[in-house]
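Fold and geometry: a report
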Amino acid sequence: MSENNENHDPNTPLYVGTRKFLGKRDLVLSFYTTKCQFQCTYCALPTRSASFEVTAEQINNQIDHVFDSKAGELGGFRQLCFGNEGSALDPRRFHRESVDHLLHRAREMENLEVLSIETRPEYVKRDYLEHIARTTHAPRLDVTVGFETQDDFIRQTVLKKKISRRVMEDRVALLGELGIRLTSYVLIKPAPRMTDEHGVREAVATMEYLKELCDRHGTELVIYLTPTYVAEGSYLQQTTQPGDWTPPTIQGIFDVVVAGHSMGLPVYTGLWSEELADESTDFRGREGYDPELRKAMVRFNRDHDFSHLLPFAPAQLALAG
């Protein structure tokens, strides 16, 4: 994989996809902008972005490309999620006038219920969020943040996220005050040489931390689980030895989903590797992989109906529902 995706047309987005996200039909957009300046060790997403400045006019053209091509489908979407392989609230990379242009075009989604913006917490600012809330017609705003793990050493030293607990807690308090939902990415098995059991415990501890934090500030919370994989082109792939990082098992992922459900949390699980890894470097390559369990979790992603998972749950949990 090249260091940056310089051959991409800056007038077209990186990704346009649809999914069923916890019961809502969701339009998911990733825009081509200047690459993220942070270099998290496990992440290869910046390799899809530009090393040069992508102008507001070019980003606006990307937005128009999406809404023009999807014109006949827009009324069927209830959620719109957008990002830029970095932080969509970073005005140096996703210009504010382009955010306004997207909000204007999104009015064509007449049944829109949720507008979700992917960003780092540093860019979560009161005035900007209040402006977006005044401009959008969506009744609910969501900010999606990659907090990943409550373990400060893993997050800051191993993953090099450069997201402090203090900043995260401050922004969660702000979201609660403004009535904005938080979706947080949580990595499953986020550190080298971590056992499968430790990986499950760490993900559960992170969900517990986020739930307590959001409950304290009255902030609605959604958990987005990300099973760790070794992305092609990432720092991890380049610098770690084979076997240092092993993905979680499908059974371990299931255990984390069940734990989150038991806490009363809406849980969605990323069960793909964003075309940045093959089956040998994600959970599909682990011994005991069960494709039927993956299918059940995909169905659970779509409608949050736990009955899809009951055939795979321990008997005592199945009885409890």
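For every chain, the first residue of its written sequence is number 1, and the numbers climb from 1 along that sequence. Per-residue local features are limited, in this predicted model, to residues with pLDDT of at least 70; the limit for side-chain atom pairs, both in listing and counting, is 80 or more; totals at the level of whole chains, interfaces and linings are taken over all residues. The side-chain numbers reported here are obtained from all heavy atoms of the structure, hydrogens and water having been left aside.

Moving on: the pairing of strand β6 (residues 181-188). The buried label goes to any residue with under 20% of its type's maximum accessible area, the exposed label to any with over 50%, and the partly exposed label to all in between, with areas taken from a 1.4 Å probe on protein chains only. A run of DSSP states H or I qualifies as a helix once it reaches four residues; a run of E qualifies as a strand once it reaches two. Both are numbered from the N-terminal end. Among the 8 residues of β6, 8 are classified as buried, and the element is accordingly described as predominantly covered. Going residue by residue along β6, you find Arg181, Thr183, Tyr185 and Leu187 tucked away on one face and Leu182, Ser184, Val186 and Ile188 tucked away on the opposite face as well. Examined bridge by bridge, β6 and strand β7 (residues 221-227) share 7 bridges and lie parallel to one another. Counterpart to Leu182 in the pairing with β7 is Leu221. What makes two strands pair is DSSP finding at least two bridges between them.

Keep in mind that most residues, glycine aside, have a negative phi and that most peptide bonds are trans. Positive phi is not limited to glycine here, since Lys160 has a value of about 55°. For Lys189, which is not a glycine, the phi torsion comes out positive at approximately 70°. With respect to the helices and strands, Lys189 occurs in the loop between β6 and α6 (196-217).

A few words now on helix α8 (residues 250-262). Compared with an ideal rise of 1.5 Å per residue, which puts 13 residues at 18 Å, α8 spans 18 Å between its outermost C-alpha atoms and is within 8% of the ideal. The set of residues buried in α8 consists of Ile250, Gly252, Ile253, Phe254, Val256, Val257, Val258, Ala259 and Gly260. Phi for Gly264, located one or two positions after α8, is positive at around 85°. The span one expects for a helix is its residue count, reduced by one, times 1.5 Å.

Take the environment of Lys295 next. Inspection of the secondary structure assignment puts Lys295 in helix α9 (residues 291-303). Along the chain, Lys295 and Leu271 lie 24 residues apart, while their C-alpha atoms are 9.5 Å from each other.

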